[in-house]
Amino acid sequence: MVSMRIATLTSGGDCPGLNAVIRGIVRTASSEFGSTVVGYEDGWVGLMEDRRVQLYDDERIDKILLRGGTILGTGRLHPDKFKNGLEQIKANLKDAGVDALIPIGGEGTLKGAKWLSDNGIPVVGVPKTIDNDVNGTDFTFGFDTAVSVATDAIDRLHTTAESHNRVMIVEVMGRHVGWIALHAGMAGGAHYTVIPEVPFDIADICKAMERRFQMGEKYGIIVVAEGALPAEGTMELREGEVDQFGHKTFTGIGQQIADEIHARLGHDVRTTVLGHIQRGGTPTSFDRVLATRYGVRAARACHEGQFGKTVALHGERIEMIPLAEAVGTLKEVPLRRYETAQAMFG
């Protein structure tokens, strides 16, 4: 195949495994096709401002496999500014001699990738998010690392909760979906898990905790996704503001549940919010492997001319699917999966 010049960027929230994707793209493009790769800094903003760096297949790119975050930096850009910058983006890519663009990001980034593809730019997407909510792929890299971090935190809270006869609430990331909460809750032996897909009744949570104390178990662990909501009429919830990207600002659902449990049962309740700890640090071996495979497949797809598509994990295979299949609908936790976790509640 003819060698080409590939551009890549990372957009949206940072995520363990991003550097492994970049490494996979650079090394595959160089070793298999003699192609070169340029990286744009800070996501779509860097592409619009033409802030690019040459990525070489050398010892520097080899060593980034173990690093969290992204060597290219990341960021967010308002959709209106992004769309208004189409001609500038095309001009910058032409000036850099770019033949194909590989954006690495979540559902929002892949929407942008599809829009660029629809407007004539050769694009191959790579899905990433710790939330595991991108449609059309079994797993996104970063998810396993986030679950591992959350599970380790839950493991540690078991002993301190039991020592003090407390209910411990662990708030994890998950704006619209509860994959992290579900998996971490199951892996960490939580006694109740609350996810955005299933509105909760605070009375049910209190009953589960009270039952534990009545049976002689003097502590409880509850995992709550940050985007969880109470069922209508069951509990008042403080409303947050909406930012420039249309995202609602959360008001601490974990602490609000803790306050309700304390008020109703009188138990000592403490809240731990993991926040961005779940995004940082070294990726797990699973995420390093998955991210590397994604990068390799994306580089090959560019040389095969499979534009307008994104890589996806289906079982054991990395396959190509249309970008349209990956955007528009978030991959939510199926009710049957949550019902499996419910068997462990209390």
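About the thresholds
Residues numbered from 1 in each chain as written. Predicted model: local features only at pLDDT ≥ 70, side-chain atom pairs only at ≥ 80, totals over all residues. Heavy atoms only, no water. Axes fitted to C-alpha atoms, helices over the stretch in contact; angles between N-to-C directions. Helix = DSSP H or I, 4+ residues; strand = E, 2+ residues; numbered from the N terminus. Parallel < 35°, antiparallel > 145°, perpendicular 65-115°, else oblique. Left-handed = near helix turned anticlockwise from the far one by under 90°. Contact = heavy atoms within 4.5 Å. Nonpolar A, V, L, I, M, F, W, Y, C, P; charged D, E, K, R; others polar. Salt bridge = Lys/Arg side-chain N within 4 Å of Asp/Glu carboxyl O. Buried < 20%, exposed > 50% of the residue type's maximum accessible area, 1.4 Å probe, protein only. UniProt positions renumbered as here; feature names shortened; annotations may be inferred. Core = buried A, V, L, I, M, F, W, Y, C linked by side-chain atoms within 4.5 Å. Domains from an automatic or database assignment. Pairing = 2+ DSSP bridges.

1. Overview of the packing of helix α8 (residues 179-187) against helix α13 (residues 335-342)
Part 1: Orientation of α8 relative to α13, taken along the N-to-C sense of each, is 30 degrees, at an axis distance of 10 Å. Taken together, the axes of α8 and α13 are roughly parallel relative to one another. The two elements α8 and α13 meet at a crossing, and its hand is left-handed. Each of Trp179, Leu182, His183 and Met186 in α8 lies in contact with α13, whose residues at this interface are Arg337, Tyr338, Thr340 and Ala341.
Part 2: By residue class, the composition of the contact of α8 with α13 is 5 nonpolar, 2 polar and 1 charged.

2. Brief notes about the pattern of salt bridges
Pairing between side chains of opposite charge can happen when their charged atoms approach one another.
Part 1: This structure, assessed with the given rule, holds 19 salt bridges.
Part 2: Residue Arg51 pairs with Glu41 through a salt bridge whose shortest N-O separation is 3.9 Å. One end of the pair, Arg51, is in the loop between α2 (44-48) and β3 (52-55); the other, Glu41, is in the loop between β2 (36-40) and α2, with 10 residues separating them in the sequence.
Part 3: On the accessibility criterion, Arg51 (24% relative accessible area) is partly exposed.
Part 4: Under the relative-accessibility criterion, Glu41 is labelled partly exposed at 28%.
Part 5: When the shortest N-O distance is used, the salt bridge between Asp152 and Arg156 registers 2.9 Å. You can see Asp152 and its partner Arg156 sitting in helix α7 (residues 143-164), 4 residues apart, about one turn around the helix.
Part 6: With a relative accessible area of 36%, Asp152 lands in the partly exposed category.

3. Quick notes on the environment of Gly189
Part 1: Examined against the element boundaries, Gly189 turns out to sit in the loop between α8 and β7 (192-194).
Part 2: When the C-alpha atoms of Gly189 and Val177 are compared, they prove to be 20 Å apart, with 12 residues separating the residues in sequence.

4. Digging into the UniProt feature "binding site: Mg(2+)" (unreviewed entry) in the protein
Part 1: Cross-referencing UniProt, the feature "binding site: Mg(2+)" (unreviewed entry) maps to Glu107 in the present numbering.
Part 2: With respect to the helices and strands, the residue Glu107 is situated in helix α6 (residues 107-118).
Part 3: When near neighbours in sequence (up to four residues on either side) are disregarded, Glu107 contacts Val134, Ala326, Val327, Gly328, Thr329 and Leu330.

5. Quick look at the side chain of His267
Part 1: Turning to its location among the elements, His267 is positioned in the loop between α10 (253-265) and β9 (269-273).
Part 2: Taking the relative accessible area as the measure of exposure, His267 reaches 15% and is therefore buried.
Part 3: Setting aside residues no more than four positions away along its own chain, His267 makes contact with Glu210, Phe213 and His262.

6. Looking at the nonpolar core
Part 1: Ranked by internal contacts, the top residues of the largest apolar core, which has 82 residues, are Phe141, Ile222 and Ile257.
Part 2: Here this core takes 8 residues from α7, the largest share from any one element.
Part 3: Counting contributing residues per domain, this core is built from domain 1 (5-141 + 283-327) and domain 2 (144-280), each supplying no fewer than three.
Part 4: Residues within four places of Ile222 in sequence aside, it is in contact with Val167, Met168, Ile169, Val170, Tyr192, Val194, Ile205, Met209 and Ile261.
Part 5: Within the second largest apolar cluster, 25 residues are counted, among which are Val38, Val98, Ala113 and Ile321.

7. Quick notes on the sheet that holds strand β6 (residues 167-172)
Part 1: Read across the sheet, 4 strands follow the order β7-β8-β6-β9 without closing on themselves; strand pairing throughout is parallel. With partners counted over all chains shown, the strands left at the sheet margins are β7 and β9, one partner each. The mean inter-strand angle of the sheet, taken between neighbouring strand axes irrespective of direction, is 20 degrees.
Part 2: Two elements, β7 and strand β8 (residues 220-225), share 3 bridges in a ladder whose sense is parallel. Along β8, the bridge assignment pairs Thr193 with Val223.
Part 3: Its contacts with the sheet place α7 against β6, β8 and β9, and it is angled at close to 165 degrees to β6.

8. Digging into the sheet that holds β3
Part 1: On the basis of which strands lie adjacent, the open sheet formed by 7 strands has the order β3-β2-β1-β4-β5-β10-β11 and mixed pairing. Only two strands of the sheet have a single neighbouring strand rather than two, namely β3 and β11 (317-322). Here the average twist between neighbouring strands, direction ignored, is 30 degrees.
Part 2: Alignment of strand β4 (residues 100-105) against strand β5 (residues 124-127), held across 2 bridges, turns out to be parallel. Opposite Ile104, over in β5, you have Val126 as the bridge partner.
Part 3: Sheet contacts for α6: β4, β5 and β10 (309-314); angle to β4, the most-contacted strand, approximately 160 degrees.

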